[in-house]
Amino acid sequence: MLSIAIDGPVGAGKSTIADEVCRRLGILHLDTGAMYRAVGLAVTASGVDPQDEAAVTALCETGGARVDVRYENGAQVTLVNGRDVTGLIRSQEAGTAASAVSRYAAVRRMLVARQRELAREQPMLLDGRDIGTVVLPDASLKIYLTASPEARAMRRLKQLEEKGEHPDFDAILSEVNARDHQDMTRAVDPLRKAADAVEVDSSDLNFEETVQAILRLVEAVNG
Ligand code: DC
């Protein structure tokens, strides 16, 4: 069964690149960050403090943050406790809560189990932080998609400018660096490149060039 793992830091473009690679390969894309965001949302909606590990763990263990994923026309729909939260999880608040709850072993255990099940059922590409190292150690192909902090901050700046905002580059760059630090130094399943992952640095590549670089790697393992 074909399984592709893409890990990398925030702002490397994992999700949009992964979506396009999957569309061209005709396989499903599992955005695992969406699942952490869904837990973050369930936690805040239940009135639980995302910083309170014991309370978050209790909520997960009593079935109060059941995350599931289904596909509609190839697109991921993310559910929590049976409710479609695909749109809601894109908020800044859900991202912040996700970043807190993704540090907890109980949350990771619950989501990793579901991610492995999904990847067993069909050919898939999973993107996240720990796919090559923890979720799918035997993936057919592991990619570490990265770009310099400056390139990632610049892309974020452009996205915000397109929305009519006037953000400050230095502020975005320090956010990118802070998120990297948090993702790479957390105790449980930190972001790191798997020993057998291929690094794709997209700092000087555009969208299409990055997609092509990944498709070439897939072709090499998939024949
Ligand atoms: O990629 P994202 O911003 O949607 O991820 C949301 C949060 O979840 C982010 O803080 C990193 C975390 N995450 C994780 O710990 N492991 C994953 N496999 C995917 C995301």
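Up top is the structure these notes are about.
Our subject in this report is the structure included herewith.

Analysis parameters
- Residues numbered from 1 in each chain as written.
- Predicted model: local features only at pLDDT ≥ 70, side-chain atom pairs only at ≥ 80, totals over all residues.
- Heavy atoms only, no water.
- Helix = DSSP H or I, 4+ residues; strand = E, 2+ residues; numbered from the N terminus.
- Rg over C-alpha atoms; globule rule 2.2 N^0.38 Å.
- Areas by Shrake-Rupley, 256 points an atom, 1.4 Å probe, with all protein chains shown as cover.
- Lys, Arg positive; Asp, Glu negative; His and termini not counted.
- Charge placed at Lys NZ, Arg CZ, Asp CG, Glu CD.
- Core = buried A, V, L, I, M, F, W, Y, C linked by side-chain atoms within 4.5 Å.
- Buried < 20%, exposed > 50% of the residue type's maximum accessible area, 1.4 Å probe, protein only.
- Contact = heavy atoms within 4.5 Å.
- 1 Å grid on protein atoms, 1.4 Å probe; cavity = no way out; pocket = protein on both sides within 12 Å on 5 of 7 lines; lining within 4 Å.
- Points joined across faces, edges and corners; volume = space filled by probe spheres on them.
- Nonpolar A, V, L, I, M, F, W, Y, C, P; charged D, E, K, R; others polar.
- Near = heavy atom within 4 Å.
- Polar contact = N/O pair within 3.5 Å; in protein donor to acceptor, adjacent residues only side chain to side chain.

## Examining the overall build of the protein chain
Then, number 1: Each helix and strand in the protein chain was counted, giving nine helices and eight strands.
Then, number 2: Computed over the C-alpha atoms, the radius of gyration of the protein chain is 17 Å, within 12% of the 17 Å expected from 2.2 N^0.38 for a compact globule of 223 residues.
Then, number 3: The principal-axis extent of the C-alpha atoms belonging to the protein chain is close to 45 × 45 × 35 Å.
Then, number 4: For the protein chain, the computed accessible surface area is about 10,800 Å², with 50% contributed by carbon and sulfur atoms.
Then, number 5: Taking the average place of the 26 positive charges on the side chains of the protein chain and the average place of its 34 negative ones, the gap between the two points comes to 3 Å.

## Focus on the nonpolar core
Then, number 1: Counting residues in hydrophobic clusters, the biggest one holds 36 residues, and the most contacted among them are Val56, Val107 and Leu126.
Then, number 2: Counting only elements with at least two residues in this core, the list comes to strand 2 (28-31), helix 2 (32-45), helix 3 (53-61), strand 3 (67-72), helix 4 (92-101), helix 5 (105-121), strand 6 (124-128) and helix 6 (131-135).
Then, number 3: A total of eight residues in this core trace back to one element, the largest contributor, which is helix 2.
Then, number 4: Other than its neighbours up to four places away in sequence, Val56 contacts Val43, Val48, Asp49, Pro50, Val101, Tyr104 and Val107.
Then, number 5: The next biggest cluster of nonpolar side chains, apart from the first, holds 19 residues, and it includes Ile4, Ile6, Ala18 and Ile27.

## Section: empty space enclosed by the protein
In this approach a probe as big as a water molecule rolls over the atoms, and the regions it shows empty are the leftover space.
Then, number 1: Taken as a whole and judged by the stated rule, the model has one cavity of 30 Å³ or more.
Then, number 2: Put simply, the largest cavity is a space of about 30 Å³.
Then, number 3: Surrounding the largest cavity, Asp7, Gly132, Lys142, Ile143, Tyr144, Arg192, Lys193, Ala194 and Ala197 form its lining.
Then, number 4: At three residues, strand 7 (residues 141-146) tops the list of elements feeding residues into the lining of the largest cavity.
Then, number 5: Classifying every residue of the lining of the largest cavity gives four nonpolar, one polar and four charged.

## Remarks on the side chain of Arg129
Then, number 1: Looking at the secondary structure, you find Arg129 in the loop between strand 6 and helix 6.
Then, number 2: Classification of Arg129 by relative accessible area gives buried; the value is 18%.
Then, number 3: Non-local contacts of Arg129, meaning those with residues more than four positions away in its chain, are made with Asp7, Gly8, Val10, Lys14, Arg179, Asp183, Arg186, Pro190, Leu191 and Arg192.

## Digging into the site of the ligand
Then, number 1: Near the ligand, the surroundings consist of 13 residues, among which Thr32, Arg37, Arg108, Asp130 and Arg186 are the closest.
Then, number 2: Separating a nitrogen atom of the ligand from a side-chain N or O atom of Thr32 is a distance of 3.0 Å.
Then, number 3: For the shell around the ligand, the elements supplying multiple residues, two or more each, are helix 2 and helix 4.
Then, number 4: Sorting elements by how many residues they give to the shell around the ligand places helix 2 first, with four residues.
Then, number 5: Tallied by class, the residues present in the shell around the ligand amount to two nonpolar, five polar and six charged.

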